[in-house]
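# Secondary and tertiary structure notes
This is what each chain is made of:
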Amino acid sequence: MQLRSVFLPIASTGRRDLVERLVQLLGGLFLYGVALGLMVRGGIGVSPWDVLALGVAGSSGIGYGTVTVLVAIVVLLLWIPLRQRVGIGTLLNALLVGPSADLALLVIPEPPSIWIGAPMFVAGLILLSFATGLYIAADFGPGPRDGLMTGLVARTGWRVWIVRTLLEGSVLLIGFLLGGPVGVGTVLFAFGVGPLIGWFLPWATRMRAARSRQLARAA
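Below is a summary of the structure that appears in this document. In this text, all values refer to a predicted model and were calculated from it rather than measured experimentally.

Next up on the list: the packing of helix H4 (residues 64-82) against helix H7 (residues 144-156). Packed helix pairs are specified by the crossing angle of their axes together with the interaxial distance, meaning the distance between the axes. Here H4 crosses H7 at 25°, and the two axes come no closer than 9 Å. The angle between H4 and H7 falls in the class roughly parallel. When you trace H4 past H7, the crossing you get is left-handed. Contacts from Thr68, Val71, Ala72, Val75, Leu76, Leu78, Trp79, Pro81 and Leu82 in H4 reach Pro144, Arg145, Gly147, Leu148, Gly151, Leu152 and Arg155 in H7.

Moving on: a nonpolar patch on the surface. A contiguous nonpolar patch, built from Leu26, Ile62, Leu70, Ile73, Leu77, Ile80, Leu95 and Leu96 and spanning about 690 Å² of accessible area, is present on the exposed surface. For the nonpolar patch, the secondary structure elements donating two or more residues are H4 and helix H5 (88-107). It is H4 that provides the largest number of residues to the nonpolar patch, a total of four residues. One can find Leu26 in helix H2 (residues 15-42).

What follows is about the environment of Gly37. Topologically, Gly37 is positioned in helix H2. Once the C-alpha coordinates of Gly37 and Ala218 are considered, the two residues, 181 residues apart in sequence, prove to be 40 Å apart. Residues within four places of Gly37 in sequence aside, it is in contact with Ala101, Ala104, Leu105 and Ile108.

Attention now moves to the packing of aromatic side chains. Taken as a whole and judged by the stated rule, the model has four aromatic pairs. Centroid distance Phe130 to Phe200: 5.6 Å. Interplanar angle 75°. Geometry classified as edge-to-face. In this pair, Phe130 sits in helix H6 (residues 114-137) while Phe200 sits in helix H9 (residues 184-218), placing the two residues 70 residues apart along the sequence. Relative accessible area serves as the criterion here: at 24%, Phe130 is assigned to the partly exposed category. Consider the rings of Phe130 and Trp203, whose centres lie 6.0 Å apart with planes at 35°: the pair is tilted. Of this pair, Phe130 sits in helix H6 while Trp203 sits in helix H9; the two residues are 73 residues apart in sequence, bridging distant segments of the chain. Note on Trp203: relative accessible area 31%, which makes it partly exposed. A connected cluster of aromatic rings, assembled from ring pairs, spans Phe130, Trp199, Phe200 and Trp203. Here the guanidinium or amino end of Arg21 rests over the ring plane of Phe140, the centre of that ring lying 4.4 Å away. Against the face of Trp49 rests Arg145, its NZ or CZ located 5.2 Å from the ring centre.

Analysis parameters
- Residues numbered from 1 in each chain as written.
- Predicted model: local features only at pLDDT ≥ 70, side-chain atom pairs only at ≥ 80, totals over all residues.
- Heavy atoms only, no water.
- Axes fitted to C-alpha atoms, helices over the stretch in contact; angles between N-to-C directions.
- Helix = DSSP H or I, 4+ residues; strand = E, 2+ residues; numbered from the N terminus.
- Parallel < 35°, antiparallel > 145°, perpendicular 65-115°, else oblique.
- Left-handed = near helix turned anticlockwise from the far one by under 90°.
- Contact = heavy atoms within 4.5 Å.
- Patch = residues over 30% accessible without salt bridge, like charges linked within 9 Å, V, L, I, M, F, W, Y side chains within 5 Å.
- Areas by Shrake-Rupley, 256 points an atom, 1.4 Å probe, with all protein chains shown as cover.
- Salt bridge = Lys/Arg side-chain N within 4 Å of Asp/Glu carboxyl O.
- Phe/Tyr/Trp six-rings, centres within 6.5 Å; stacked < 30°, edge-to-face > 60°.
- Buried < 20%, exposed > 50% of the residue type's maximum accessible area, 1.4 Å probe, protein only.
- Lys NZ or Arg CZ within 6 Å of the ring centre and 35° of its normal.

And the structure:
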């Protein structure tokens, strides 16, 4: 298989547009990791994939950020039979979110009570949704988990909500059995992340498209 059939093409209106979008991608991924750190420190539960990562980390002794990277790599391997095409954003997502989360956990202290932890979680959820809008709008390819979902939808013909529910339900169950933290935050994430991303992503996409048009006219 030729490399160009494996990797998504990179389109841009010029060098400045490409550089700005790369900065947006990296900034979004870094903020995504910070958001994960805030939600973990919140102590009221985490997203299904992070229940899995924390469960594996707790049972294996491997750091949370490292496990996050390893899980992303395993998910990317599952792309192979699905014939999903990889973007530079996909690879950077897999490699950078985990270390960014570890860095955030180093500098964010544990809250003294749930009255501080719960707002930290909510702030993390909002930041994660904003960061998701940023890195998706940069248009360098989907994240590993999103690509797995869309690949399964394309191959099975099942509805998106069925595939997403099966995926997240499976990782949640495995993570819970490994001792990952499930709590009210897990429920808040399940019901809150979709509407929040639904607001931030169109906004980020409009801003990015307008900026790209501006750079194209100036070229």
